[in-house]
Amino acid sequence: MSRLVDKAKNFVAEKVANIKKPEASVTDVDLKHVTRESIEYGAKVAVNNPYSHPLPICEISYTFKSAGRVIASGTIPDPGSLKASDTTMLDVPVKVPYSILISLARDVVADWDIDYELQLGLTIDLPLIGDITIPLSQKGEIKLPTLRDIV
């Protein structure tokens with residue numbers, strides 16, 4: 001009896017491992033909005049849904065790092081659904097307070113940009129399987145706003 005249960009477990013594990021999953025990529029990270037308290041960057045994420053029905057997105061979690069330190073993190077609960085058999089573009093806003101940017105002064109003064117690493121977790125509800133998280137990571141540099149951008 002235990003061999004039958006083991007075979008069933010292996011069969012299910014193999015099927016789950018080979019199931020089609022949505023694929024995602026970060027297409028852009030750019031300046032979105034400047035206020036007196038913070039800078040808001042926007043990450044654009046393209047998610048391809050291989051299924052013929054929409055899939056709900058449970059949440060998007062993000063961590064924004066610079067110089068090895070976390071400068072912003074958060075979650076976006078229930079951001080909508082992925083279009084059926086199509087690519088959905090998602091906007092992930094990342095708000096960075098100026099107080100954090102001041103602590104990164106050495107990197108900023110050198111070239112007036114921030115070298116960053118953005119880590120995203122896109123949690124999607126797949127029918128019969130449950131929630132899966134698609135991990136994404138993007139490294140790059142973002143120019144800081146000038147006085148003209150703020151005024």
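Colleague: For the pattern of salt bridges, give the residues involved together with the corresponding values.
Modeller: Scanning the entire structure with this criterion turns up 2 salt bridges. For the salt bridge of E40 with K32, the shortest nitrogen-to-oxygen distance reads 3.8 Å. Overall, K32 belongs to the partly exposed group, its relative accessible area being 47%. For the salt bridge of K44 with D91, the shortest nitrogen-to-oxygen distance reads 3.3 Å. In this pair, K44 sits in strand β2 (residues 38-48) while D91 sits in strand β5 (residues 87-97), placing the two residues 47 residues apart along the sequence. Owing to a relative accessible area of 49%, D91 belongs among the partly exposed residues under this scheme.

Colleague: Before we move on, can you summarise the nonpolar core with the specific residues and values?
Modeller: Grouped burial of nonpolar side chains is what soluble globular proteins tend to show. Ranked by size, the top nonpolar core spans 32 residues in total, and within it V45, V47, F64, L118, L120, L122 and I124 carry the most contacts. At the level of elements, β1 (23-34), β2, β3 (55-66), β4 (69-82), β5, β6 (113-126) and β7 (130-143) are the ones that each hand at least two residues to this core. In terms of residue count, the dominant contributor to this core is β6 (7 residues). Once residues lying within four places of it in the same chain are set aside, the contact partners of V47 are P22, E23, A24, L82, D86, T87, T88, L90, L122 and I124.

Colleague: Tell me about unusual backbone geometry, and please be specific about residues and values.
Modeller: In most cases, non-glycine residues show a negative phi, while peptide bonds are predominantly trans. A positive phi is found at D78, a non-glycine position, where the angle reads about 45°. Considering the arrangement of structural elements, one finds D78 in strand β4. Even without a glycine there, the phi angle at S85 is positive, about 45°. Inspection of the secondary structure puts S85 in the loop between β4 and β5.

Colleague: Summarise the sheet that holds β3; cite the residues concerned and give the values.
Modeller: In spatial order, the strands read β4-β3-β6-β7; together these 4 strands make up an open sheet with antiparallel pairing. Looking at which strands have only one partner, the edges of the open sheet turn out to be β4 and β7. Strand-to-strand twist in this sheet, taken as the mean axis angle between neighbours without regard to direction, amounts to 15°. In this sheet, β4 lies alongside β3 in antiparallel orientation, the contact comprising 11 bridges. By the bridge assignment for β4, L55 is matched with L82.

Colleague: Just give me the short version of the pairing of β7, but keep the residues and values in it.
Modeller: Strand direction decides the pairing type here: β6 and β7, joined by 14 bridges, are antiparallel. Paired with Q119 across the strands is S137, a residue of β7. Hairpin connection between β6 and β7: a loop of 3 residues separates the two successive antiparallel strands, and L128 in this loop has a positive phi of roughly 70°.

Colleague: Which residues make up the environment of G74, and what values go with them?
Modeller: Following the sequence through the fold, G74 ends up in strand β4. G74 gets classed as partly exposed once you look at its relative accessible area, which sits at 23%. Contact partners of G74, with chain neighbours within four places excluded, come to I60, S61 and Y62.

Colleague: Go over the packing of aromatic side chains, please, and point to the residues and values.
Modeller: A complete count under the given rule lists 2 aromatic pairs for this structure. Aromatic side chains F64 and Y116 sit 5.5 Å apart centroid to centroid with 20° between the ring planes, which places their arrangement in the stacked category. Of this pair, F64 sits in strand β3 while Y116 sits in strand β6, and the two are 52 residues apart along the sequence. Of the two residues, F64 and Y116, neither departs from the other in class, the shared state being buried. The ring of Y51 has K20 lying over it, and the distance from NZ or CZ to the ring centre is 5.5 Å.

Cut-offs and rules
Per chain, residue numbering runs from 1 following the sequence as it is written. At least 70 in pLDDT is required for a residue's local features to be given in this predicted model, at least 80 for side-chain atom pairs to be given and counted, and no such filter applies to totals for whole chains, interfaces and linings, which use all residues. Excluded from the side-chain calculation are hydrogens and water; included are all heavy atoms of the structure. Basic side-chain nitrogens of Lys or Arg form a salt bridge, by our definition, when they fall within 4 Å of a carboxyl oxygen of Asp or Glu. Each residue's exposure class comes from its accessible area (1.4 Å probe, protein chains only) as a fraction of the maximum for that residue type: buried when under 20%, exposed when over 50%, partly exposed otherwise. A run of H or I in DSSP becomes a helix once it reaches four residues, and a run of E becomes a strand once it reaches two; helices and strands are each numbered from the N terminus. The term nonpolar core refers to a set of buried residues drawn from Ala, Val, Leu, Ile, Met, Phe, Trp, Tyr and Cys, joined through side-chain atoms within 4.5 Å. Whether two residues are in contact is decided by their heavy atoms, any of which lying within 4.5 Å being enough. Paired strands are those between which DSSP finds at least two bridges. For every element, the axis is a line fit to its C-alpha atoms; helices are fit only across the contacting stretch, and the angle between N-to-C directions ranges from 0 to 180 degrees. Pairing of aromatic rings covers Phe, Tyr and the six-membered ring of Trp, with a centre-to-centre limit of 6.5 Å; geometry is then stacked below 30 degrees between planes, edge-to-face above 60, and tilted otherwise. Charge-over-ring contacts are defined here by two conditions on Lys NZ or Arg CZ: a distance within 6 Å of the ring centre and an angle within 35 degrees of the ring normal.

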